[in-house]
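Below, each chain spelled out in residue letters.
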Amino acid sequence: MAIVTTMRPLISLALPEKGAARLSGQLLLAIAGTLLLVLSAKTKVILGPVDISMQTLAVFLIAASFGMRLGVATLLLYMAEGAMGFPVFQSTPEKGIGIAYMLGSTGGYLAGFVVMAAIVGWAADRGWDRHPIKLFNAMLVAEIVMMAMGFAWLALLIGPEKSWQFGVVPFIVGDLIKVALAASLVPAVWSLLKRS
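Residues numbered from 1 in each chain as written. Predicted model: local features only at pLDDT ≥ 70, side-chain atom pairs only at ≥ 80, totals over all residues. Heavy atoms only, no water.

1. Thoughts on the overall build of the protein chain
Summing up its helical and strand segments, the protein chain has eight helices and two strands in all. Counting from the amino terminus, the protein chain carries its helices and strands in the arrangement α-β-β-α-α-α-α-α-α-α. In terms of overall size, the protein chain behaves like a compact globule, its C-alpha atoms giving a radius of gyration of 17 Å where 196 residues would be expected to give roughly 16 Å. Summarising its shape, the C-alpha atoms of the protein chain cover approximately 50 × 35 × 35 Å along the three principal directions. Within the span of the protein chain, comprising 196 residues, buried residues form 44% of the whole. Roughly 10,300 Å² of accessible area belongs to the protein chain as shown, and the carbon and sulfur atoms make up 74% of that amount. Placing the 14 positive and 9 negative side-chain charges of the protein chain at their respective mean positions leaves the two points 9 Å apart. (Helix = DSSP H or I, 4+ residues; strand = E, 2+ residues; numbered from the N terminus. Rg over C-alpha atoms; globule rule 2.2 N^0.38 Å. Buried < 20%, exposed > 50% of the residue type's maximum accessible area, 1.4 Å probe, protein only. Areas by Shrake-Rupley, 256 points an atom, 1.4 Å probe, with all protein chains shown as cover. Lys, Arg positive; Asp, Glu negative; His and termini not counted. Charge placed at Lys NZ, Arg CZ, Asp CG, Glu CD.)

In structure tokens, the structure reads:
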């Protein structure tokens, strides 16, 4: 029987080992992570007919640095903030807030962010965050799952053809660049830490 080993994610180097101090540190990191997600949602790059946010890059970096549990908890806290009506998402408050916004055209992508964090965090917990190729593969799988969830939800709202045309195709190149960037950055940090 094979034994699955769990390695420590990058952020664990900065956290106390046990107790209330560790829990407080994790809570502060989750809050900081949601602030990064808000900032990344509001940072837009205009490529063609759509605005591309930096959110997927932020989700990748949070999940790869925090690991699965803290990464998913951070994304769930972010979703809870949005559900309570805080303008944390890309087009809020201009296009609505709260649950109504979350059930709109971006709902599948938002749910996909949580799954994305779980996949990348799981990989980081197994030491894949130290290897650019392994991390790239995990992030690519996470990206495909997130896009599939977004496509499926959007297809229910506007049909599969328009969903593909407006909800997937314009994002492919930008998201592949973000996958490559995130898959390079986290192992580079590990490499720097090993040298020091």
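2. Points about helix H8 (residues 172-195)
Taking 1.5 Å of rise per residue, the 24 residues of H8 would be expected to cover 34 Å, and the 35 Å separating its terminal C-alpha atoms lies within 8% of that figure. Those residues of H8 that sit buried are Gly174, Asp175, Lys178, Val179, Ala182, Ala183, Val186, Pro187 and Trp190. (Expected span 1.5 Å × (residues − 1).)

3. Describing the packing of aromatic side chains
Under the defined criterion, the tally for this structure stands at four aromatic pairs. Plain terms: the ring middles of tyrosine 78 and phenylalanine 89 are 5.2 Å apart, the flat faces sit at 85° to each other, and that makes the pair edge-to-face. Residue tyrosine 78 is found in helix H3 (residues 68-83), and its partner phenylalanine 89 is found in the loop between H3 and helix H4 (98-102); the two are separated by eleven residues along the sequence. The same class applies to tyrosine 78 and to phenylalanine 89, which are both buried. Measuring from centroid to centroid gives 5.5 Å for phenylalanine 89 and tyrosine 101, while their planes differ by 10°, and the two rings are stacked. Of the two residues, phenylalanine 89 sits in the loop between H3 and H4 while tyrosine 101 sits in helix H4, which places them twelve residues apart along the sequence. Of the two residues, phenylalanine 89 and tyrosine 101, both sit in the buried class. Taken together, the ring pairs in this structure connect Tyr78, Phe89 and Tyr101 into an aromatic cluster. The ring centre of tryptophan 190 lies 3.9 Å from the NZ or CZ of arginine 130, which sits over that ring. (Phe/Tyr/Trp six-rings, centres within 6.5 Å; stacked < 30°, edge-to-face > 60°. Lys NZ or Arg CZ within 6 Å of the ring centre and 35° of its normal.)

4. Points about helix H1 (residues 19-42)
In this model H1 runs 35 Å from its N-terminal to its C-terminal C-alpha over 24 residues, within 8% of the 34 Å that 1.5 Å per residue would give. Within H1, the full set of buried residues consists of Gly25, Leu29, Ala30, Gly33, Thr34, Leu37, Ser40 and Ala41.

5. A few points about unusual backbone geometry
For the bond running from threonine 92 to proline 93, omega is 0°, close enough to zero to count as cis. Structurally, proline 93 can be placed in the loop between H3 and H4.

6. Details of the packing of helix H5 (residues 107-125) against helix H6 (residues 132-158)
Two elements in contact, H5 and H6, have axes whose closest approach is 8 Å; the angle formed by their N-to-C orientations is 160°. Classified by the angle their axes make, H5 and H6 are roughly antiparallel. For the pair H5 and H6, the sense of crossing is right-handed. Within the contact of H5 with H6, the residues separate by chemical class into 19 nonpolar, four polar and one charged. (Axes fitted to C-alpha atoms, helices over the stretch in contact; angles between N-to-C directions. Parallel < 35°, antiparallel > 145°, perpendicular 65-115°, else oblique. Left-handed = near helix turned anticlockwise from the far one by under 90°. Nonpolar A, V, L, I, M, F, W, Y, C, P; charged D, E, K, R; others polar.)

7. What to know about the nonpolar core
In terms of nonpolar packing, the biggest core is built from 45 residues, with Phe60, Leu75, Tyr78, Met79, Phe89, Val120 and Met139 touching the most fellow members. It is helix H2 (residues 55-66) that provides the largest number of residues to this core, a total of eight residues. If near-sequence neighbours (up to four positions away) are discounted, leucine 75 is found in contact with Leu37, Val59, Phe113, Val114 and Ala117. (Core = buried A, V, L, I, M, F, W, Y, C linked by side-chain atoms within 4.5 Å. Contact = heavy atoms within 4.5 Å.)

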